[in-house]
Each structure stands twice: as C-alpha cells, then as structure tokens.
Amino acid sequence: MSTPFYVSPQQAMADRAEYARKGIARGRSLVVLQYADGIVFVGENPSRALHKFSEIYDRIGFAAAGKYNEYENLRIGGVRYADLRGYTYDRDDVTARGLANVYAQTLGTIFSSAGEKPYEVELVVAEVGTEPAGDQIYRLPHDGSIVDEHGSVAVGGNAEQISSFLDQRHRDGMSLAEALKLAVQALSRDTNGTEREIPAERLEVAVLDRTRPQQRKFKRIVGRQLSRLLEADDAAVTKTDDPSDEQPEE
Amino acid sequence: MEPNTRSTGRLPAAFLTPGSSSFIDFLADHSPELLPGNRKLPEGIVEAPHGTTIVAATFPGGVVLAGDRRATMGNMIAQRDIEKVFPADEYSAVGIAGTAGLAVEMVKLFQLELEHFEKVEGATLSLEGKANRLSTMIRSNLGMAMQGLAVVPLFAGWDEGREKGRIFSYDVTGGRSEEHGYAATGSGSIFARGSMKKLYREDLTEQQATTLVVQALYDAADDDSATGGPDLARRIFPIVTVITDEGFRRLSEAESSELARSVTERRLEQPDGPRAALL
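Residues numbered from 1 in each chain as written. Chains lettered and ligands numbered in written order. Predicted model: local features only at pLDDT ≥ 70, side-chain atom pairs only at ≥ 80, totals over all residues. Heavy atoms only, no water.

Overview of the interface of chain A and chain B
Next up, step 1: Listed per partner, the contact involves 34 residues of chain A and 36 residues of chain B.
Next up, step 2: For the pair chain A and chain B, the summed buried area comes to about 2,900 Å², and 55% of that belongs to carbon and sulfur atoms.
Next up, step 3: On the chain A side of the contact with chain B, R80, L84 and Y87 of chain A bury the most area, a combined 31% of that side's loss.
Next up, step 4: The interface formed by chain A and chain B contains 4 salt bridges. (Contact = heavy atoms within 4.5 Å. Buried area = accessible area lost by both parts, 1.4 Å probe. Salt bridge = Lys/Arg side-chain N within 4 Å of Asp/Glu carboxyl O.)

Here is the structure:
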C-alpha cells in the first residue's frame, strides 16, 4: 500500500479556492446596483428560462454566478428557508441578513469539508428597504465569507475589473434607466478593455422595486419595457413605470 | 423547528435535497408537526368562532368574491370585523366559511403553497391546478371536520387560458365543483343563493356584480342570525374583491361603504330588496 502524500492545510485550502474560482470565472459576470427606487440585477444570459436572478421572498432577491445546478440548489434551499421561517414566525422576520448567514454557513461548511468538492458559485443576496438607506446587499464568495456591499457589486468571471469600473461611476439616487445603462456598459467591457455590444435579448434584468404596491417587490424587466429603458434619454427616464406594463412575475 | 439550522447554522440536508415544488410536501418531510392535518385530535367537540357567509359571482371580464364580517360562537357574536376573503395570489382569491382559526391558517398555507411553487418553478399554477391543490388541503382536514372544525372555502379566480372568471366550491371532504354564474357558502348561503338566483344575469358589469353580491349578503344577514349585515354605526362593511385580467383588487373602504350604504338606503324604502318580474 502506498503512503499518501502529505499536503499542508494551507496548500489544500489554496487548491480548493483556486478550483472554485476557476469554475466561477468560466461563467459570465453579473452586477447588482442600487438605484433611487430599489435594487437592479443585470447580467448577460442567453437563456430565457434558466435564470440567474430570482425572488426569494417579499423584499429579498438572489443572484448567482458559477455552476447552474449548484446555485439553483442553493436558491431553492433559500426559498424553503424563507418560506418556512415566514410561515413559522412572520413575513417580517425573514431578512437578507439571516439568509446570507445561512448561505455563508452552508458554503463555508462545504468548502472546508474534505469529503465534498467546493461549490463553484458566488452569490448575492439583496434586500430592498423602504428607504434607500435600508437597502442591504451581501456578496457571498465560494468559501463562505460574507461581504456587506454598498452601491454596486459585481460577481463572476471578470468581477474585479467590473467592480472598479462601477465604483468610479456609480452614485446614489440614479434612476433605473441610468443604473441599467451603467450596468450594461460595465458588462460589455472585456478583460482587455475593448467594448462589445450586448443585445437586449441576451440581457437578464430584474428589480426589487420598493415603490411596487404589492408585498412582493421582485419583478423581471423584459420585452418592451427593457428596450424602452435602454433607449430612454437620461432626462426622461424616471417616468418609465407605466402601470400597463406591470406584469406579475412568471 | 429548524433544529439543524440553529445548531450548525448550515441549511439542513432536507433544504438542499431536490424534491417537489410544493411547500406542503416539503413541510410534510421536514416539519410534519407544522401541518394542520397532522395534529393529534383530542376527544370531544370544540367550540370555536365560525365564519359565516361568502358569495361570488362572475361577470364578463372577471369574478367578484365577497364576504360579511361576522364570526359567531354558538349564539354569540365572537367578532364583528373578521376578514374572510383573502387574495390567494395575483389572479385568485379564497373566501372561507367554517372554523375561523383553522380557515385562516389554511388560507395562509394555501397562499404560501402557490407562492412557493411560483418561486421554485418560475411559473404559476393553472387555475385548475390551484383549485385542485385547495381540494387536497381540505381533504387533509377531514379528521378535524368530523369534530365540528370544518372549513369550507369558496375559490374564485381569473383563468388566463380560458380568459374568464371561474368559481369553485368545496364540501368538507374536499369534493370540488365548478359553479357557473354565482355561488355561496356558509350558514347564510341558502338565502344569499336565493337572492342571487333572482338578480343574476350573465351580462352584468363589474359595478353591477359588486352590487349583486352586497345585495346577496344583505339578504343572508336578513334571514341568518350568524351573518352580519353592513354595520353603518361602526363603519364595518362587507369585504368585496374583484379579480380581472388585471389581477386581484380589493375594494377600498370608501368604495365598499358607498356600496353598502346605497344598498341599505334602498332597503329603507323596500326592505325585501329589488324584485324580479313574476314571469
């Protein structure tokens, strides 16, 4: 019987982290930005059916980059967690902070247990407040750490570059159209600095809109409303919320 | 509840196990004690507040669901302003008669079931699917119904496939039947149904349909002591909801008070309400 090689814990962890990061980097990046009336999720996604963003609970949204089956699993776990908690206590007792903690513990345990392969995912959990000051955005990398973010956040392959691009240009109180355009601009920049066009059909956009009258604030922006927002002049953008476009989530 | 979540902070395995899109199925696996149907039943009959009359009527373009506000316990009024009509989701609503506590819990679970399915699957259930799901939930309550804790809902919604409003009524065993035109459930339902039978037409406008259900509730309250009429002194008016292709809408207090007042005012002149032609 051969003797197993000794691998130092530092080395083992570094290898696992690199494995996870490489997996995440293969996927496309996505960004989450605060705007005046809420939080907008923007990503490039050729699929209409397999979503990167989704609703977890009334005010809480979920975004993920990386391996689809792994983050889908976490997403459903989160929906179950939130629904069970809301059913047992009250709808107000479901918070993004609580959910982010559970995700962090879950990812952390998986990352550091030798028997499991680390998840190749990076998550964002966001909760829209009644006021912009109440918005919360948490970024959860593959290893189970939590980063409390403000303004804008990018995850996925090219995240660092996109983040620094956004940090320089994002400001508080942007309109939805402004924030959306900034997000698309950030996503269209390749690693070498060249820009490419992302057509509207390849964009997945969703918002947590605090002005929605419904209890559930998550809404996908598709079709005409999306193209109108992308085309809108910055001056005339705030009036885009035509009630006839209010469509319930599919 | 959630013992694992608390001890390790990590999502328990059950949360991450692929399974059905039903919240009730998930509860049955993970925390069966939280399901109303799984509770141990003590011997004997329990006295609890009962909700009374729910009425519904369709009109071209939608459906109206309304309920009075009274809950009774025996011959006593337990609550004057109970709410018995709830949105189930964006395009459907449920009104409940029967044991109030259980019924409200059932509605909460039903709402959650529809919402959970929608979030997990990314698509809503069909109206037929929603109606069937409610049927299963009532069936699981049969044990309690046998002890007098029955819940009998009325379910109404906008069917996007067929583009019309539809009404489903239930019996305590979960038996489901689709009602055409109008329906009522609860202790005052016999009187409400008689009233609507005479007043209902297929070409009602939304405004007329809401008036129709308030007339029916007035007639139910007139003859059934367990049904409450509009309480003008305390400003407690029936809850009237409308579901169209634009979704669920509950009439504001101003709208329902206006409706209830005009019906009541006409009854001051004609206590038995509008009359149908003899032939």
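Observations regarding the confidence of the model for chain B
All names here are of chain B.
Next up, step 1: Taken residue by residue, chain B gives an average pLDDT of 91. The fraction at 70 or more is 97%.
Next up, step 2: Of the regions scoring below 50 in pLDDT, residues 1-7 engages in 16 contacts with residues more than four places distant in sequence or in other chains.
Next up, step 3: Here the predicted complex carries an ipTM of 0.87, next to a pTM of 0.89. (pLDDT = per-residue confidence, 0-100.)

Here we look at the sheet that holds strand 3 (residues 53-57) of chain A
Residue and element names in this part refer to chain A.
Next up, step 1: A sheet is described by the order of its strands in space; here 5 strands give the open sequence 3-4-5-6-7, paired in antiparallel fashion. The sheet is open, and its two borders are formed by strand 3 and strand 7 (147-149), each paired with just one other strand. The sheet shows a mean angle of 25° between the axes of neighbouring strands, taken without regard to direction.
Next up, step 2: As paired elements, strand 3 and strand 4 (residues 60-66) share 4 bridges and run antiparallel to each other. When the sheet's bridge partners are listed, E55 is paired in strand 4 with G61. (Pairing = 2+ DSSP bridges. Helix = DSSP H or I, 4+ residues; strand = E, 2+ residues; numbered from the N terminus. Axes fitted to C-alpha atoms, helices over the stretch in contact; angles between N-to-C directions.)

A look at the UniProt feature "active site" (unreviewed entry) in chain B
Residues and elements named next belong to chain B.
Next up, step 1: Under the feature "active site" (unreviewed entry), the UniProt entry names T52.
Next up, step 2: Tracing the sequence through the fold places T52 in the loop between strand 1 (50-51) and strand 2 (54-59).
Next up, step 3: Dropping the residues within four chain positions of it, T52 is found in contact with D68, R70, T72, K84, A97, T185, G186, S187, A226 and T227.
Next up, step 4: Only 3.4 Å separates the side chain of T52 from the backbone oxygen of R70, close enough to count as a polar contact. (UniProt positions renumbered as here; feature names shortened; annotations may be inferred. Polar contact = N/O pair within 3.5 Å; in protein donor to acceptor, adjacent residues only side chain to side chain.)

Quick look at the layout of surface pockets
Next up, step 1: Of the voids in this model, the largest pocket is the one considered here, and its volume is about 820 Å³.
Next up, step 2: Together, 32 residues line the largest pocket, and Q214 and R216 of chain A together with P87, D89 and E90 of chain B are the ones closest to its centre.
Next up, step 3: For the lining of the largest pocket, the elements supplying multiple residues, two or more each, are helix 2 (68-88) of chain A together with strand 6 (85-89), helix 4 (100-121), strand 12 (239-244) and strand 13 (247-250) of chain B.
Next up, step 4: Element by element, the count of residues in the lining of the largest pocket is highest for helix 4 of chain B, at 5 residues.
Next up, step 5: Of the residues that constitute the lining of the largest pocket, the class distribution is 10 nonpolar, 7 polar and 15 charged.
Next up, step 6: Its boundaries defined by the atoms lining it, the second largest pocket holds a volume of some 390 Å³.
Next up, step 7: Put simply, the parts of the chain that give the lining of the second largest pocket at least two residues each are helix 1 (9-26), strand 8 (152-155) and helix 4 (159-169) of chain A.
Next up, step 8: Of all the elements, helix 4 of chain A adds the most residues to the lining of the second largest pocket, at 4 residues.
Next up, step 9: A breakdown of the residues in the lining of the second largest pocket according to their chemical character gives 6 nonpolar, 6 polar and 7 charged. (1 Å grid on protein atoms, 1.4 Å probe; cavity = no way out; pocket = protein on both sides within 12 Å on 5 of 7 lines; lining within 4 Å. Points joined across faces, edges and corners; volume = space filled by probe spheres on them. Nonpolar A, V, L, I, M, F, W, Y, C, P; charged D, E, K, R; others polar.)

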